[in-house]
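Structural features, examined
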Amino acid sequence: MTDLVTGDDGLARCRWGASTPDYAVYHDEEWGRPLHGDDALYERLTLEAFQSGLSWLTILRKRPAFRLAFDGFHLETVAGYGDAEVARLMADAGIVRNRAKIDAAIANARAALDLPDGLAALLWSFAPAARAARPRSFAEVPAITAESTAMAKALRKRGFRFVGPTTAYALMQATGMVDDHLDGCHVKRPPAAVMG
């Protein structure tokens, strides 16, 4: 089995990106593309935390419900959530109803608002230099790096929860801080100018 597969559309993709139609769209249109903006990065950070212990496909399929439940992941709105909103979220069957993760999402919104330069500036400050070449197989893709470990530590120091080095690296992959599409994948490599 190879880590790169060609789909019915003739396009070569990272194997996971060809496993379901949902993954194909996510792989082709979002994963690994540079993402900026505090609210947008807060959404990804929150969803990565909710994914912990679950399949990303579960979270991806529930993302529309998450966006609705969390008011579009608008930082100021979520930071203002109280007991009524927590109860509403715990009763929402469209999302993952985990009290610790819900509490973390609210605490993380509040912590993000306390950052002097914003969430995007902090997260992107940990983006490594672009690799000279894409990985040839998933065996070359790490689960954690020095940068993701440093990011997780910096976030926890500032009051963020449910953010360890593995979650931080998954965030880096999803938001284009690193390019882990495999060599030969049809998705174009982002310009180096937007990698950091």
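Before reading on, note that the structure itself is shown above.
If you're wondering where the values come from, they're calculated on a predicted model, not measured in any experiment. (Residues numbered from 1 in each chain as written. Predicted model: local features only at pLDDT ≥ 70, side-chain atom pairs only at ≥ 80, totals over all residues. Heavy atoms only, no water.)

For the chain, the count of helices and strands is nine helices and two strands. Secondary structure elements of the chain, listed N to C terminal, follow the sequence β-β-α-α-α-α-α-α-α-α-α. The principal-axis extents of the C-alpha atoms in the chain amount to approximately 50 × 35 × 25 Å. Taking all 196 residues of the chain together, the buried fraction comes to 47%. Within the chain, residue pairs in contact and separated by at least 24 positions form 67% of the contacts whose partners lie at least 6 positions apart. Summed over all atoms, the accessible surface of the chain reaches about 9,300 Å², with 54% contributed by carbon and sulfur. Distance between charge centroids for the chain: 4 Å, based on 23 positive and 24 negative side chains. (Helix = DSSP H or I, 4+ residues; strand = E, 2+ residues; numbered from the N terminus. Buried < 20%, exposed > 50% of the residue type's maximum accessible area, 1.4 Å probe, protein only. Contact = heavy atoms within 4.5 Å. Areas by Shrake-Rupley, 256 points an atom, 1.4 Å probe, with all protein chains shown as cover. Lys, Arg positive; Asp, Glu negative; His and termini not counted. Charge placed at Lys NZ, Arg CZ, Asp CG, Glu CD.)

Our focus in this paragraph is the packing of helix H8 (residues 146-157) against helix H9 (residues 165-174). Where H8 contacts H9, the axes come no closer than 8 Å and their chain directions differ by 110°. Taken together, the axis directions place H8 and H9 in an arrangement best described as roughly perpendicular. H8 and H9 meet at a crossing whose hand is right-handed. Of H9, the residues touching H8 (which contributes Glu 147, Ser 148, Thr 149, Met 151, Ala 152 and Arg 156) are Pro 165, Ala 168, Tyr 169, Leu 171 and Met 172. Grouping the amino acids of the contact of H8 with H9 by side-chain chemistry returns seven nonpolar, two polar and two charged. (Axes fitted to C-alpha atoms, helices over the stretch in contact; angles between N-to-C directions. Parallel < 35°, antiparallel > 145°, perpendicular 65-115°, else oblique. Left-handed = near helix turned anticlockwise from the far one by under 90°. Nonpolar A, V, L, I, M, F, W, Y, C, P; charged D, E, K, R; others polar.)

Here we take up a positive patch on the surface. A contiguous patch of positive charge on the surface is contributed by Lys 153, Arg 156, Lys 157 and Arg 158. Positionally, Arg 156 belongs in helix H8. (Patch = residues over 30% accessible without salt bridge, like charges linked within 9 Å, V, L, I, M, F, W, Y side chains within 5 Å. Salt bridge = Lys/Arg side-chain N within 4 Å of Asp/Glu carboxyl O.)

If you trace the backbone, Leu 4 turns up in strand S1 (residues 4-6). Taking C-alpha positions, Leu 4 is 8.7 Å from Trp 16, a pair spaced twelve residues apart along the chain. Dropping the residues within four chain positions of it, Leu 4 is found in contact with Ala 12, Arg 13, Cys 14, Arg 15, Leu 182, Asp 183, Gly 184 and Cys 185.

Even without glycine at this site, Phe 73 takes up a positive phi of about 60°. Counting through the fold element by element, Phe 73 comes out in the loop between helix H3 (56-69) and helix H4 (75-79). Its relative accessible area of 0% is what places Phe 73 among the buried residues. Phi angles above zero are rare outside glycine, and Phe 162 is one such case at about 55°. Looking at where Phe 162 falls in the secondary structure, it is placed in the loop between H8 and H9. Given the relative accessible area of 36%, Phe 162 is considered partly exposed.

For the structure on display, the rule yields eleven salt bridges. Residue Asp 9 is joined to Arg 13 by a salt bridge in which the shortest nitrogen-to-oxygen separation is 2.6 Å. Take Asp 9: its relative accessible area is 45%, and that puts it in the partly exposed class. Residues Glu 30 and Arg 44 are paired through a salt bridge, measuring 2.6 Å at the closest nitrogen-oxygen approach. You can see Glu 30 sitting in the loop between helix H1 (21-29) and helix H2 (38-51) and its partner Arg 44 sitting in helix H2, a full 14 residues away along the chain. No difference in accessibility class separates Glu 30 from Arg 44, as the two residues are buried.

The biggest cluster of nonpolar side chains holds 52 residues, and the ones touching the most others in it are Phe 66, Phe 70, Leu 119, Met 151, Leu 155 and Phe 160. Discounting residues that sit within four places of it in the chain, Phe 66 has contacts with Leu 47, Phe 50, Ile 59, Phe 73, Ile 95 and Val 96. (Core = buried A, V, L, I, M, F, W, Y, C linked by side-chain atoms within 4.5 Å.)

So, to be careful, I would describe these as geometric facts and stop short of saying anything about function.
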